[in-house]
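One-letter residues, chain by chain:
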Amino acid sequence: MQERTLEVLEYKKILERLAKEARSKLVKKQILNLLPLNDYDQISEELDNTAQMVGVISRFGNIDLFGLFDFTDMITYVRKNGVLEPYELLKVNDLLRVSYYLKDYGKDIEEPYIKDLFNRISTNDFIRNEIERSIISQDEIADNASRELRNIRRQKERKESDIKAKMNSYITNPRYDDALQDKVVSIRDGRYVIPVKTNKKSSIGGIIHDKSSSGNTIFVEPSAIVELNNQLKDLDLKEDDEIRRILDRLSRFVEEFDVEILENQKLISRIDFLAAKAKFAINNEYTRPKINADKIIRLNQARHPLLKGKVVPIDVIIGGDYKTLIITGPNTGGKTVSLKTVGLITLMAQTGLYIPAEENSLVNIFDDVFVDIGDTQSIEMSLSTFSASLTKIVDITNKASERSLVLLDEVGSGTDPVEGAALAISILDYLRKKDIMTFATTHYSELKYYAVETPGVMNASVEFDVNTLSPTYKLEIGTPGKSNAFEISKRLGLDEEILKNAYNLLGEDTKNVNKILEKIEEDRDELELKNQEIDKYKREIQKIKKELEEKSKEVDKKQAAIIREAEDKANVILEKANNESQAMLKEAKKSRNANTSDIDRSLNNIRNRYKDNKIERRGKGLKIGKSNDIPEELKLGDMVIIEGINEKAEVISEPDDRGNIKLQMGILKMDSNIKNVTKIQSQDKTEKNINKVYNAKKAMNISPTLDLRGQRYDDAMRNLDKYLDDAMLAGLSKAKIIHGKGTGALINGVTENLKNDKRIADYRLGDDKEGGYGVTIVTFE
């Protein structure tokens, strides 16, 4: 995309507004570096994903993101056995906290792409708890970070108490009043000292650590506390070593979770990015654009997103019969704004953003957008406005292709009007012949005639209200702009004689064109009134149609209730007749002279007739009915509809001699018959389905125990998920997952996966005989 285009259309300002909606600096920076895309599928996918996030935020509210940093360098360092500082570990903790929050936020999300993002986020309560237990702030490690640290700090407190007591004996002793400069205890180089007058240094023996700037005071560590200070210093070193050991331990936990941290960074960044786009759309009431590659733009009530105050929306249609639109109208009437609106909305759509227009607006995807808009006079190059503009147009004609969009403001202006108009027509015709979609604004009347006479070119104009002497900023497609110079001059009080003389100086062609334009404007106004009337009738018809549909639904419900009641009564009568008939025949069978074989046949006939005549009602229990389209043959992997319950199922065993088959309906296996199913078109290849059945049979021999010890976290979770599938297919009722105790990462991972798994009826940690906290016992549905 042309850098100048992005600058002229103020694309960066859109990115700056979008960046304000992001929560993390990481994503703000990513947004500010965005560029429009030109791949249709990629743009379509990005709009789909944004639409899903709009749905999520509309239902569940804004996502409170925090704790997102760039962990790339940190993970690289920790992988080299580096030890993280407290502030770095706190960043990891923030990431784990937001990960936990996002897992909770996303538990009810239905949108597939967004749901997948949230589901793939990893949590680790063990590391989070360890960091929170160990680190109070960037500068403070908790006493409870380890037992050794707690003991060292208690020893330090006692040693400091001993030192202070000893130092206090010097300060309070009258013997040293004359030698002390002040009765206070100071610290120099980590050692406790007292201020002594320089000329009295021999009064208190010890080590001199410092001297005041005036030279009158020296800071002495009395000999009596040198050893105590040495012991305190030793404890300081031990404390530093223990803190380093604690940080190293926590760093190793982070190292074990390194892949998940980087993946979480990527997933949460993606969530923040999509949430920013969704909030940008919701807060500004933007809509999702439809996109196409057929060279059609149809913007409904489009607004320039950077204009403040009340903005007059415009409707823009181009494509199909014409791909060049020439916009005429007065200065400050909105011609340039119309160009910029089309250009900026195109860039927004190609960035995967919602746009400031009504629903169903259609945007074409371009490979590039070229512009010549605004004051292009170049002082540095000593070029006039015309020369600078033409320099850009030369570049456009050399680079633009049929997949480009060209926006030209006041094309051909800045030179002799006759020559400028001719040049403008020639430039536009060149672009038209190359099939390049072009928007151009102009004051030249010659371009209006060119648009009327040339196929593939359409006039448009910005409206001007001569009563208020101000533009309305509305864009009218199909109508060239009418000159309002005489009408404006008249309303401003110009002498009638001057106006009459000016009118006589106009050529006949110009007079005729102005009359035609006036007639077109009158016809347009009349047509608009008729359209408003038609819209009113349409709304009334829709209202009546809706009322009729509601009444029709009520009639259908009543009819269904009457039929259901009649069916129930018929079944009661049939049941009674069947029971009475069978009772009489059984009684007759007891007679000495009865022909039992004839009676048995009659009983069997009655039963069959009862079954045939009984009315079966769909959807009441699992009553499987007979298919109206019994398949001639079925093979492994075929998809069928089970009659009576109207559910899809997959054939996992071919029909036997009696037509009996086995079906897989979701996680449920069931027996059925070929007479009870209807074959439907399967989307899967037969070979793939055979492999699935083969894998299911292979899983029948699966072990009831899965050992995850020694595996990396990601591998362990993948193996767990596969094992649960195989165990379900094998029909296991229980299974044992061995994860060991270790750091707790596997325990947390297994628990998190089992918590929301619909395949699992129950799970618990093992008892002492089963392996205790090192195993989890799973019960399947």
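Residues numbered from 1 in each chain as written. Predicted model: local features only at pLDDT ≥ 70, side-chain atom pairs only at ≥ 80, totals over all residues. Heavy atoms only, no water.

Trainee: Looking at this model, I keep getting lost on the overall build of the protein. Mind explaining?
Mentor: Counting its regular elements, the protein contains 22 helices and 25 strands. Look at the contacts in the protein between residues 6 or more apart in sequence, and 65% of them connect residues 24 or more apart. Summed over its atoms, the accessible surface of the protein is roughly 44,200 Å², and 48% of this surface lies on carbon and sulfur atoms. (Helix = DSSP H or I, 4+ residues; strand = E, 2+ residues; numbered from the N terminus. Contact = heavy atoms within 4.5 Å. Areas by Shrake-Rupley, 256 points an atom, 1.4 Å probe, with all protein chains shown as cover.)

Trainee: Please explain the side chain of S134 as it appears in this structure.
Mentor: Its place among the elements puts S134 in helix α8 (residues 125–134). A distance of 2.8 Å separates a polar atom in the side chain of S134 from the backbone oxygen of E130. Leaving out residues up to four positions away in the same chain, S134 has contacts with I141, A142, A145, I246 and L250. (Polar contact = N/O pair within 3.5 Å; in protein donor to acceptor, adjacent residues only side chain to side chain.)

Trainee: Is there a simple way to explain the pairing of strand β19 (residues 660–665) in this structure?
Mentor: Each regular strand shows side chains that alternate between the opposite faces of the sheet. Where strand β18 (residues 647–653) and β19 come together, three bridges link them in antiparallel fashion. Residue pairing for β19: V651 is matched across the bridge by L663. Hairpin geometry of β18 and β19 is characterised by an intervening segment of six residues between the two adjacent antiparallel strands and by a positive phi of about 85 degrees at G659. (Pairing = 2+ DSSP bridges.)

Trainee: Even after reading the chapter, I still don't get the packing of aromatic side chains, so can you show me in this structure?
Mentor: To describe a pair of aromatic rings, you give the distance between the ring centres and the angle between the ring planes. A complete count under the given rule lists seven aromatic pairs for this structure. Plain terms: the ring middles of F69 and F71 are 6.2 Å apart, the flat faces sit at 85 degrees to each other, and that makes the pair edge-to-face. For F71, a relative accessible area of 1% puts it in the buried group. Summarising the aromatic geometry, the rings of F280 and Y286 are spaced 5.4 Å apart at their centres and angled 85 degrees between planes, so their arrangement reads as edge-to-face. Of the residues examined, Y286 reaches a relative accessible area of 11% and is grouped as buried. One aromatic cluster is present, built from ring pairs that chain together F60, Y101, Y105 and F118. The residue whose ring lies beneath K91 is F69, and the NZ or CZ to ring-centre distance is 4.9 Å. The lysine or arginine in question, R128, covers the ring of Y100, its NZ or CZ lying 4.9 Å from the ring centre. (Phe/Tyr/Trp six-rings, centres within 6.5 Å; stacked < 30°, edge-to-face > 60°. Buried < 20%, exposed > 50% of the residue type's maximum accessible area, 1.4 Å probe, protein only. Lys NZ or Arg CZ within 6 Å of the ring centre and 35° of its normal.)

Trainee: How should the sheet that holds strand β5 (residues 206–211) be read in this particular structure?
Mentor: Two strands in a sheet stick together by hydrogen bonds in their backbones, pointing the same way (parallel) or opposite ways (antiparallel). Spatial ordering of the open sheet is given by β3-β4-β6-β5, a layout of four strands whose pairing is antiparallel. Looking at strand neighbours, the two that pair on one side only are β3 (186–188) and β5, the edges of this open sheet. Across the sheet, the mean angle separating the axes of adjacent strands is 50 degrees when strand polarity is ignored. Where strand β4 (residues 191–197) lies against strand β6 (residues 217–222), four bridges are found, and the strand directions are antiparallel. Within the sheet, the bridge partner assigned to P195 lies in β6 and is F219. (Axes fitted to C-alpha atoms, helices over the stretch in contact; angles between N-to-C directions.)

Trainee: What exactly am I supposed to notice about the UniProt feature "binding site: ATP" (unreviewed entry) in the protein here?
Mentor: Within the UniProt annotation, "binding site: ATP" (unreviewed entry) is assigned to G329, P330, N331, T332, G333, G334, K335 and T336. Classification of G334 as buried rests on a relative accessible area of 12%. Inspection of the secondary structure puts K335 in helix α12 (residues 335–350). (UniProt positions renumbered as here; feature names shortened; annotations may be inferred.)

Trainee: Where do I start with the confidence of the model for the protein in this structure?
Mentor: Should the pLDDT be low somewhere, the predicted coordinates at that spot are not to be read in detail. Per-residue pLDDT for the protein averages 81, and the proportion of residues at 70 or more is 81%. pLDDT under 50 marks residues 618–622. Its contacts with residues more than four places away, or in other chains, come to five contacts. In the predicted structure, residues 684–699 sits below a pLDDT of 50 and forms 14 contacts with residues beyond four places in sequence or in another chain. (pLDDT = per-residue confidence, 0-100.)

Trainee: Would you mind showing me how to read the sheet that holds strand β23 (residues 734–738) here?
Mentor: Read across the open sheet, the four strands follow the order β22-β23-β25-β24; overall the sheet is mixed. If you trace the sheet from one side to the other, it starts and ends with β22 (705–707) and β24 (760–765), each paired once. Across the sheet, the axes of successive neighbouring strands diverge by a mean angle of 20 degrees, strand direction being ignored. Examined bridge by bridge, β24 and strand β25 (residues 775–780) share five bridges and lie antiparallel to one another. Opposite I760, over in β25, you have F780 as the bridge partner. Contacting β22, β23, β24 and β25, helix α21 (residues 713–730) runs over the sheet at an angle of about 170 degrees to β22.

Trainee: Just to check I follow, could you spell out the UniProt feature "coiled-coil region" (unreviewed entry) in the protein for this structure?
Mentor: Taken from the UniProt record, the annotation "coiled-coil region" (unreviewed entry) applies to residues 142–169 and 510–594. What you have in residues 142–169 is 82% helix and 0% strand, and the ends, taken at the C-alpha atoms, are 33 Å apart.

Trainee: I tried to follow the nonpolar core on my own but got confused; where do I start?
Mentor: Residues I31, M53, I63, L102, I271, L407 and F439 are the most contacted members of the largest nonpolar core, which totals 95 residues. By residue number, the principal contributor to this core is helix α11 (residues 258–284), which donates 11 residues. Both domains that meet at this core, namely domain 1 (3–143 + 245–284) and domain 2 (290–487), each give it at least three residues. When near neighbours in sequence (up to four residues on either side) are disregarded, M53 contacts I63, I114, I271, L274, A275 and A278. (Core = buried A, V, L, I, M, F, W, Y, C linked by side-chain atoms within 4.5 Å. Domains from an automatic or database assignment.)

Trainee: Help me understand the environment of L267, please; the structure alone is not making it clear to me.
Mentor: The residue L267 is located in helix α11 in this model. Expressed as a C-alpha distance, the spacing of L267 and N119, which sit 148 residues apart in the sequence, is 9.9 Å.

Trainee: Any chance you could explain the pattern of salt bridges here in plain terms?
Mentor: Side chains that differ in sign of charge can pair as their charged atoms come close. Tallied over the full model, the rule gives 39 salt bridges. As a salt-bridge pair, D94 and R97 come within 2.9 Å of each other at their nearest N and O atoms. Linking D94 with R97, this pair stays in helix α6 (residues 86–105), spanning three residues, or about one helical turn. Looking at D94, the relative accessible area reads 22%, which means it is partly exposed. The salt bridge involving K399 is made with D395; its shortest N-O contact spans 3.2 Å. (Salt bridge = Lys/Arg side-chain N within 4 Å of Asp/Glu carboxyl O.)

Trainee: What is the right way to look at helix α5 (residues 72–79) in this model?
Mentor: Counting along an α-helix, one turn takes 3.6 residues, and residues three or four places apart therefore face a common direction. Turning to α5, its buried residues are M74, I75 and V78. Angularly, the buried residues of α5 cover 95 degrees about the axis, an arc narrow enough to put them on a single face. Lining the buried residues of α5 we find α6, α10 (226–256) and α11. Positive phi shows up at N81, right after α5, with a value of about 70 degrees. (Arc of directions from axis to C-beta.)

Trainee: Any chance you could explain the packing of helix α14 (residues 417–433) against helix α15 (residues 445–453) here in plain terms?
Mentor: Packed helices, taken two at a time, are described by the angle between their axes plus the distance between the axes. Their axes nearest at 9 Å, the elements α14 and α15 cross at an angle of 30 degrees. Between α14 and α15, the angle is such that the two are roughly parallel. Our pair here, α14 against α15, has a crossing hand that is right-handed. Facing A421, A424, I425, L428, D429 and R432 of α14, the residues of α15 in contact are E446, L447 and Y450. By residue class, the composition of the contact of α14 with α15 is six nonpolar, no polar and three charged. (Parallel < 35°, antiparallel > 145°, perpendicular 65-115°, else oblique. Left-handed = near helix turned anticlockwise from the far one by under 90°. Nonpolar A, V, L, I, M, F, W, Y, C, P; charged D, E, K, R; others polar.)

Trainee: Would you mind showing me how to read unusual backbone geometry here?
Mentor: Excluding glycine, residues mostly carry a negative phi; peptide bonds, for their part, are mostly trans. For E285, which is not a glycine, the phi torsion comes out positive at approximately 60 degrees. Take E285: it is sitting in the loop between α11 and β7 (290–292). The exposed category is assigned to E285, whose relative accessible area is 65%. In this model, K295 sits at a positive phi of 60 degrees, which is unusual for a non-glycine residue. Secondary-structure assignment places K295 in the loop between β7 and β8 (296–302).

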